[in-house]
Each structure stands twice: as structure tokens, then as C-alpha cells.
Amino acid sequence: MDENPKAARMTTIEWDPELAKVADGLVRRCEPIRDQCAITPTYNHAEVSYSLEKYFCMTSKKEALRKQLDHWFDPNRKDEVQKLFFSWTKNQQELSTNYFQVLRDRANRVGCAIVEYVRPALVHQLLKCVYNCGVSLCEEEDNPVYEDTDEEAASECMKGSNKQYKNLCHKDELVKSCNGGSLFVEPENDYNDGQEENMENDYEHESTVFTLPTYDPNDVLPTLPDNPDFNP
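Residues numbered from 1 in each chain as written. Predicted model: local features only at pLDDT ≥ 70, side-chain atom pairs only at ≥ 80, totals over all residues. Heavy atoms only, no water.

Enquirer: Just checking my understanding: could you explain the side chain of aspartate 35 for this structure?
Expert: Mapping aspartate 35 onto the fold places it in the loop between α1 (17-27) and β3 (47-55). Within the structure, aspartate 35 has its side chain in polar contact with the side chain of arginine 29 (distance 3.2 Å). Here lysine 128 takes part through its side chain, which lies 2.4 Å from a polar atom of the side chain of aspartate 35. The contacts of aspartate 35, once residues within four sequence positions are left out, are Leu26, Arg29, Val48 and Lys128. (Helix = DSSP H or I, 4+ residues; strand = E, 2+ residues; numbered from the N terminus. Polar contact = N/O pair within 3.5 Å; in protein donor to acceptor, adjacent residues only side chain to side chain. Contact = heavy atoms within 4.5 Å.)

Enquirer: Sorry, what's going on with the sheet that holds strand β2 (residues 14-15) here?
Expert: As a general point, the strands of a sheet are linked pairwise by backbone hydrogen bonds and lie either parallel or antiparallel. Taken together, 4 strands build an open sheet; the order of strands is β2-β4-β5-β3 and the sheet is mixed. If you trace the sheet from one side to the other, it starts and ends with β2 and β3, each paired once. The pairing of β2 with strand β4 (residues 109-119) spans 2 bridges and is classified as parallel. If you follow tryptophan 15 over to β4, its bridge partner there is valine 110. Each of β2, β3, β4 and β5 (122-131) is contacted by α1, which is oriented at about 20° to β4, the strand it contacts most. Set on the sheet, helix α2 (residues 61-73) makes contact with β3, β4 and β5; between it and β5 the angle comes to about 45°. (Pairing = 2+ DSSP bridges. Axes fitted to C-alpha atoms, helices over the stretch in contact; angles between N-to-C directions.)

Enquirer: Please explain the pattern of salt bridges as it appears in this structure.
Expert: Oppositely charged side chains are able to pair whenever their charged atoms sit close together. Considering all chains together, one arrives at 12 salt bridges under this definition. For aspartate 24, the salt bridge identified is with arginine 28, shortest N-O distance 2.9 Å. A residue is classified by how much of its surface remains accessible, and arginine 28, at 61% relative accessible area, is exposed. Between aspartate 70 and arginine 66 there is a salt bridge, and its shortest N-O distance comes to 3.7 Å. Here the residue aspartate 70 and the residue arginine 66 both occupy positions in helix α2, the gap between them amounting to 4 residues, near one helical turn. (Salt bridge = Lys/Arg side-chain N within 4 Å of Asp/Glu carboxyl O. Buried < 20%, exposed > 50% of the residue type's maximum accessible area, 1.4 Å probe, protein only.)

Enquirer: Would you mind going over the side chain of lysine 176 with me for this structure?
Expert: Checked against the element boundaries, lysine 176 lands in strand β7 (residues 175-176). Among the polar contacts made by the side chain of lysine 176, one reaches the side chain of glutamate 147 at a distance of 2.8 Å.

Enquirer: Hey, could you run me through the nonpolar core in this one?
Expert: Soluble globular proteins: nonpolar side chains tend toward being buried together. In terms of nonpolar packing, the biggest core is built from 11 residues, these being Leu19, Val22, Ala23, Leu26, Val27, Ala38, Tyr43, Ala46, Val48, Ala113 and Val130. The dominant element in this core, judged by the number of residues it contributes, is α1, at 5 residues. Beyond its immediate chain neighbours, meaning those up to four positions away, valine 22 contacts Ala38, Thr40 and Val130. (Core = buried A, V, L, I, M, F, W, Y, C linked by side-chain atoms within 4.5 Å.)

Enquirer: Would you explain the pairing of β5 in this entry?
Expert: Each regular strand carries side chains that alternate between the two faces of the sheet. In terms of burial, β5 is largely enclosed, as 9 of its 10 residues are buried. Two strands pair when backbone bridges link them, and β4 and β5 are joined in this way by 10 bridges, in the antiparallel orientation. Note that in β5 the partner of cysteine 112 across the bridge is cysteine 129. The hairpin turn running from β4 into β5, its antiparallel successor, is 2 residues long, and alanine 121 in that turn takes a positive phi close to 75°.

Below, the structure is given as C-alpha cells:
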């Protein structure tokens, strides 16, 4: 685990306000689960990573967040390495999914939110991040977590490497289609795979409009019936 293969074209991930709004809505439910309702009209392959940290009030929010992020990004401790590749329990599968999501080279947008709530004796801090391209599709041979190379990292980036982070592609690098293959996706279409117009229509059909009843303040209200149990 100390020597991951070099990434051929690892994208630079950027903050996305649309995905952040989705994450905000999900954490407000206070449920430590991998929600299945993270897709948006723009990103129809979006997926969620989450982490729940429980601590006493002496721990600061920043310390708890650092522990959550370290658990995602740096699972190199001996007791964690085996879980990444031999995930038998649900908790172990969550660890591997969160870690490999960070390495997903077809994900270049993310939005996160965090909420704190108290349940008997412990503070619960729930973090959720929504990525525009998840890892659940990586079981297919032509859709790996990321493409590796024997050359230098970022050697296959078409627009060169990031000036600040040399092992990443330029922030304007086109990403491959999230659902597999080598089809590059233009930014305006993003992850709709050419179905943006159809998705918008689907959302219109799914929405429901409730018409408010009309009310005339001059209407005469009916008289109240007598109370049968009242004996004056």
C-alpha cells in the first residue's frame, strides 16, 4: 500500500456547489448510510461517501474532522490494509469504497457537508461528500478506479499537468465517461452521456404541482354545531 501505481491521468477535483447542496440535504437526515438518491440533473452517476465520528465534548470539531479525513485518505495502518482488499463485513466495505473513491480518476467534482448532533453522552459528527462519478461502476474491466502507467505520473494528460500538483492533470482536462469506455465528455454535457435533454424532461414529469385552494375572505363561514355533551 505504500507504493500505489502511478496514475496516467488523474484529474484535478474541484468544488461543486450543486453537489454540496445535495450533501447538505443528506446530512440533515442524520443517517450514517450511503444514500442512493445523490444524482442530479447534471450528474447522473453521482455517489456518496460518508463518515461518522463519535466523541466526547472535550474533542474539537476540527480534530474530529481530521480523524475522519485521515481515515479516508491514509488507510496505511496495518489493521486497515487487509480490509481494503478483503472486505467481508459492511464496515470494511465502507472503508474500501471511501478510499477508492478518492482515487477515482473520472471524478473531478465534489461537494461536502457536515452536521453535528448529540445522542446520549456522545457528540455525533456526520460528514458526507458527493462525487460526480462514483466507484460502483468500477467492476467492469474497461472502467478501473484509475488508469495506471509505467511512465511518469500525469504522462497521458492531454492538457498537461496541474502547475501546483504535478501528478494531477490540468484542471480543464476532459474526463472520460463515468459509465465506462474511453468516451471523453465535454464539460457542458458532463456525466449525462448525451442524455441531458431527456433527463430534464424526466425531472419535469416527476415533479408534482399542488394547486392551492381558492379562498374568499368575504365568504360566510357555517355556524358551529352544538356540543352534544354540553349541558348548560
